[in-house]
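One letter stands for each residue in the lines below.
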Amino acid sequence: MSPWITHLGGKFIVFDGPDGSGKTTQFDRFAEHCRQAGLGVCEVREPGGTAFGEQIRRILLDPASPEMSVRCEMMLYMASRAQLVEQTIAPALQRGELVLADRFISSTLAYQGAAGGLSPEEILAVGRVAVQSSWPDLTVIFDVDQRVAGARLPDSPARDRMERRSPAFHARVRQGYLDQVEAQPEKYLLIAAAADPDSVFETLLNRLQERFT
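Using the criterion set out here, one finds 6 aromatic pairs in the structure. Taking the centre distance of 5.8 Å and the plane angle of 85° together, the rings of Phe 15 and Phe 27 count as edge-to-face. With Phe 15 in strand β1 (residues 12-16) and Phe 27 in helix α1 (residues 23-36), this pair connects stretches of sequence that are 12 residues apart. Across the pair, exposure class does not vary: Phe 15 and Phe 27 are buried alike. By the ring-pair criterion, three or more aromatic residues cluster together here, those being Phe 15, Phe 27, Phe 30 and Phe 142. Between the NZ or CZ atom of Arg 81 and the centre of the ring of Phe 104, over which it lies, the distance is 5.3 Å.

So, on to the side chain of Arg 57. Tracing the backbone shows Arg 57 in helix α2 (residues 51-61). For the buried Arg 57, no salt bridge exists, and the shortest N-O distance to an oppositely charged side chain is 4.5 Å, to Glu 54. When near neighbours in sequence (up to four residues on either side) are disregarded, Arg 57 contacts Arg 45, Glu 46, Pro 47 and Gly 48.

This paragraph deals with the pattern of salt bridges. Inspection of every chain in the model, using the stated rule, returns 11 salt bridges. Between Arg 71 and Glu 122 there is a salt bridge whose closest N-O contact spans 2.7 Å. Of this pair, Arg 71 sits in helix α3 (residues 70-94) while Glu 122 sits in helix α5 (residues 120-131); the two residues are 51 residues apart in sequence, bridging distant segments of the chain. In this structure Arg 71 comes out as partly exposed when scored by relative accessible area, which is 42%.

Attention now moves to the packing of α2 against α3. α3 packs onto α2 with a crossing angle of 160° between their chain directions and a minimal axis gap of 9 Å. Put simply, α2 runs roughly antiparallel to α3. For the pair α2 and α3, the sense of crossing is left-handed. Contacts from Phe 52, Gly 53, Ile 56, Ile 59, Leu 60 and Leu 61 of α2 reach α3 at Glu 73, Leu 76, Tyr 77, Ala 79, Ser 80 and Gln 83. Looking at the contact of α2 with α3 residue by residue, the classes come out as 8 nonpolar, 3 polar and 1 charged.

Once that is clear, we can look at the side chain of Arg 81. Its location among the elements puts Arg 81 in helix α3. The class of Arg 81 is buried, set by a relative accessible area of 1%. Within the structure, Arg 81 has its side chain in polar contact with the side chain of Glu 46 (distance 2.8 Å). Beyond its immediate sequence surroundings of up to four residues, Arg 81 is in contact with Glu 46, Phe 104, Ile 105, Thr 108 and Val 131.

Once that is clear, we can look at the nonpolar core. If you look at the biggest cluster of nonpolar residues, it comprises 29 residues, and the most contacted ones within it are Phe 30 and Val 140. Counting only elements with at least two residues in this core, the list comes to β1, α1, β3 (98-102), β4 (138-143), α6 (146-152), β5 (188-192) and α8 (197-211). No other element matches α8, which puts 5 residues into this core. Not counting the four nearest positions on each side in its chain, Val 140 is found in contact with Ile 13, Val 14, Phe 15, Asp 16, Leu 189, Ile 191, Leu 204 and Leu 208. Listed in part, the 19 residues of the second largest apolar core include Val 44, Ala 92, Phe 104 and Ile 105.

Rules used in this analysis
Residues numbered from 1 in each chain as written. Predicted model: local features only at pLDDT ≥ 70, side-chain atom pairs only at ≥ 80, totals over all residues. Heavy atoms only, no water. Phe/Tyr/Trp six-rings, centres within 6.5 Å; stacked < 30°, edge-to-face > 60°. Helix = DSSP H or I, 4+ residues; strand = E, 2+ residues; numbered from the N terminus. Buried < 20%, exposed > 50% of the residue type's maximum accessible area, 1.4 Å probe, protein only. Lys NZ or Arg CZ within 6 Å of the ring centre and 35° of its normal. Lys, Arg positive; Asp, Glu negative; His and termini not counted. Salt bridge = Lys/Arg side-chain N within 4 Å of Asp/Glu carboxyl O. Contact = heavy atoms within 4.5 Å. Axes fitted to C-alpha atoms, helices over the stretch in contact; angles between N-to-C directions. Parallel < 35°, antiparallel > 145°, perpendicular 65-115°, else oblique. Left-handed = near helix turned anticlockwise from the far one by under 90°. Nonpolar A, V, L, I, M, F, W, Y, C, P; charged D, E, K, R; others polar. Polar contact = N/O pair within 3.5 Å; in protein donor to acceptor, adjacent residues only side chain to side chain. Core = buried A, V, L, I, M, F, W, Y, C linked by side-chain atoms within 4.5 Å.

From the geometry alone we can't say anything about function, so treat these as descriptive.
What follows is the structure, encoded as structure tokens:
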């Protein structure tokens, strides 16, 4: 096992970023990389990750779902998150596994906060109830501009309810992520993700090695 990867046992790392940033591709590659190095990995996604959370996911992302208020949206994400933390994340951390999450509270701060208009204070107040002590050790933000992101998204009929939001909405989402990185550089890692997947993955490994050695 690479020496720096041994430092990831018992850590909680989130991969996040705007729709079309390529974060899920990098998430899958990194999880497999860690497993091949001999590290126990617990993968989770948001919303979802549990039977209850997957039901919430269908409601939140279904384009046919009735319009819901931003506050209701935020609360549903947090409900899914609370179940995920109690059922999966907290036990995995206690076992000393690396927990990798595809999205977490950083997404709520960007989508329902920066883009949707809810204050960070409100979101974090609910978040403290939902996740208790299970906060990420590091949140990796994959950043791309709207031109690159739009080209990576599926054709319009296949897009989920969040992906179908306006370009102005997605611009606010991106800025919301950048603001989080600027506010807490010790808790966030920004990765420029417009390049090809192999180049982005190499950058990711190098930056993580710097952070965890």
